[in-house]
Amino acid sequence: MSGLRYVYAVCRPFGTPLPAQLTGVAGVPPKQLVHGDLVAVVGQVPEEDFAEGPLRAHLEDLDWLGATARAHQNVIDALTVVTSPLPLRLATVFLDDSGVRSMMEEREETFLRTLDRLDGRVEWGVKVYSEPTEPSGETSGESGVSGGLGDTGTRTASSPSPGRAGSGRDYLRQRRNQRKESEEKWERAEEFSRRLHESLSGYAEDTRIHAPQNSAISRAPGRNILNAAYLVPRTESEAFVELVDRTKDDAPGLRVELTGPWACYSFSGEDA
Amino acid sequence: MTTAQRLPDPYGNGGGANLADILERVLDKGIVIAGDIRINLLDIELLTIKLRLIVASVDKAKEMGIDWWETDPQLSSRAGRDELARENAELRAHVAELEEARAEVPARERAPAKKEAQE
């Protein structure tokens, strides 16, 4: 049988067949490769796309990459419904089944330990965004007023002609207020995110704070302030989701976004 | 009523997840195992994917009329430059104004200041 083996995940045997209509990378249905106490979920992929040269070239192609990432995630999602898979990184490819088997054998102990830790858990993603500000329409906030009062204290320097200097001075003060306003907004957002993370952590067994997403990449409006992942038992998930929902309204000017349930991507590391 | 559903699913199925969320996880999280085909995703991610994503997404977003970041100095170097240029022009005007005002001050009042400056 020709073709390479693309490995999606390693799991404990889960006893149910994968959905018949499920397809993965390269449009190929994944299958289960049982080895000892482990199952690798693998798909056959063509060498002309997944050998080193072509794969490297494909990864530079955004459309190919996007489609492959979605296909990969599609399989992981289906697995998450029936078990708690240990997801592998995109494009983990072996020459044949025996290559996959020896990899499983080599890492059996670590896999089993990690799978035990993740068993019955899912990952939820929570992001906080500050809503985008209009460049000029935001000067009349309550914080702007207090900033203005504070700044009058600096009006002590003698000026040869106060009336004429007014425009430049006002401009600088306005600039200062704007900066102060955005700093205060930023502080409020950070404070909200800190409190949210604290209360969500109460429902989670483990957490990860990821780098904020670039808004140009995600195309999500606003600036990403918190990008966190929570390892939550399935049994606690409903309460977790409700808690996120409740906090959504507590934050004017901020947006809370929940994604999941994901396979435990962020908690698959052996160091955890 | 939702006996078949094992988990709350308030935001639709996984098909609705945004591409950045998926890429973040499948490229950057998940366990790393060196397969027989050796590709260092990290290299590609840093050097190419990121840049291409930004470029492609910005163009797509513009098509959709989303361009607010272009005027946000914290996100756009172009907006930052525009703002600097504007600020610069206003400050120049203000300096010119002050110099004009200073020129009107009698010479004798200016002399000591000049002397101080030379010391």
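Residues numbered from 1 in each chain as written. Chains lettered and ligands numbered in written order. Predicted model: local features only at pLDDT ≥ 70, side-chain atom pairs only at ≥ 80, totals over all residues.

Draft legend 1. Representation of the overall build of chain A. When helices and strands are counted, chain A shows nine helices and nine strands. Counting all 272 residues of chain A, 38% fall into the buried class. For chain A, restricting intrachain contacts to residue pairs at least 6 apart in sequence, the fraction spanning at least 24 positions comes to 77%. (Helix = DSSP H or I, 4+ residues; strand = E, 2+ residues; numbered from the N terminus. Buried ≥ 20, exposed ≤ 12 C-beta atoms within 10 Å, placed from the backbone. Contact = placed C-beta atoms within 7 Å.)

Draft legend 2. Region of interest: the overall build of chain B. Helix and strand counts for chain B come out as four helices and zero strands. Each helix and strand of chain B, placed in order from N terminus to C terminus, yields the pattern α-α-α-α. Counting all 119 residues of chain B, 13% fall into the buried class.

Draft legend 3. Focus on the sheet that holds strand S6 (residues 121-130) of chain A. All names here are of chain A. The antiparallel open sheet is built from four strands, whose spatial order is S7-S8-S6-S9. What marks the edges here is a single partner per strand, and that holds for strand S7 (206-209) and strand S9 (254-262). Adjacent strand axes in the sheet meet at a mean angle of 20°, parallel and antiparallel pairs treated alike. Here four bridges tie S7 to strand S8 (residues 223-233), and the two strands are oriented antiparallel to one another. Residue pairing across strands places arginine 208 opposite alanine 229, the latter belonging to S8. Contacting S6, S8 and S9, helix H9 (residues 234-247) runs over the sheet at an angle of about 155° to S8. (Pairing = 2+ DSSP bridges. Axes fitted to C-alpha atoms, helices over the stretch in contact; angles between N-to-C directions.)

Draft legend 4. View of the nonpolar core. Among the nonpolar cores identified, the biggest contains 66 residues, and Ala9(A), Ala40(A), Val41(A) and Tyr230(A) are the most heavily contacted of them. Here Tyr230(A) is in contact with Glu123(A), Trp124(A), Val126(A), Leu200(A), Ala204(A), Thr207(A) and Phe240(A), once residues within four sequence places are set aside. (Core = buried A, V, L, I, M, F, W, Y, C linked by C-beta atoms within 7 Å.)

Draft legend 5. The arrangement of unusual backbone geometry in detail. Residues and elements named next belong to chain A. Note the cis peptide between glycine 260 and proline 261, where omega equals 0°. Checked against the element boundaries, proline 261 lands in strand S9. For alanine 26, which is not glycine, the phi torsion reads 65° and is therefore positive. On the secondary structure map, alanine 26 appears in the loop between strand S1 (4-11) and strand S2 (31-35). For alanine 91, which is not glycine, the phi torsion reads 65° and is therefore positive. As for its position among the elements, alanine 91 is in the loop between strand S4 (86-87) and strand S5 (93-94).

Draft legend 6. How the structure looks around the environment of Thr83(A). Residue and element names in this part refer to chain A. Turning to its location among the elements, threonine 83 is positioned in the loop between helix H3 (62-82) and S4. For threonine 83, a count of 21 C-beta atoms within 10 Å puts it in the buried group. The sequence separation of threonine 83 and phenylalanine 14 amounts to 69 residues, and the corresponding C-alpha distance is 6.3 Å.

Draft legend 7. Region of interest: the packing of H3(A) against helix H1 (residues 19-28) of chain B. Where H3(A) meets H1(B), the closest approach of the two axes is 10 Å, and the angle between their N-to-C directions is 75°. Classified by the interaxial angle, the pair formed by H3(A) and H1(B) is roughly perpendicular. Side by side, H3(A) and H1(B) meet where Gly66(A), Ala69(A), Arg70(A), His72(A) and Gln73(A) of the first sit next to Leu19(B), Ile22(B), Leu23(B) and Val26(B) of the second. For the contact of H3(A) with H1(B), the class distribution of residues is five nonpolar, three polar and one charged. (Parallel < 35°, antiparallel > 145°, perpendicular 65-115°, else oblique. Nonpolar A, V, L, I, M, F, W, Y, C, P; charged D, E, K, R; others polar.)

Draft legend 8. Region of interest: the environment of Ile76(A). Residues and elements named next belong to chain A. Counting through the fold element by element, isoleucine 76 comes out in helix H3. Between the alpha carbons of isoleucine 76 and glycine 24 there is a distance of 9.3 Å; along the sequence they are 52 residues apart. Ignoring anything within four residues of it in the chain, the contact list for isoleucine 76 reads Tyr8, Ala9, Pro85, Pro87 and Ala263.

Draft legend 9. Structural detail: helix H4 (residues 97-106) of chain A. All names here are of chain A. When H4 is considered as a whole, its buried residues turn out to be Val100, Met103 and Met104. The buried residues of H4 all sit within an arc of 100° when viewed along its axis, so they share a single face. Away from its buried face by more than 90 degrees, H4 exposes Ser98, Ser102, Glu105 and Glu106. Where H4 is buried, its residues touch S1, S2, strand S3 (38-45), S5 and helix H5 (108-118). (Arc of directions from axis to C-beta.)

Draft legend 10. Fine view of the pairing of S8(A). Residues and elements named next belong to chain A. Counting buried positions along S8 gives nine out of eleven residues, so the element sits mostly inside the fold. Where S6 lies against S8, ten bridges are found, and the strand directions are antiparallel. Following the sheet pairing, valine 128 is matched in S8 by leucine 226.

Draft legend 11. Inspection of the pairing of S2(A) at higher detail. All names here are of chain A. Strand direction decides the pairing type here: S2 and S3, joined by five bridges, are antiparallel. The residue of S3 that forms the bridge with histidine 35 is leucine 38. Counted along the chain from S2 to the antiparallel partner S3, the turn is two residues long, and its residue glycine 36 has a positive phi close to 60°.

Nothing here speaks to function; it is geometry throughout.
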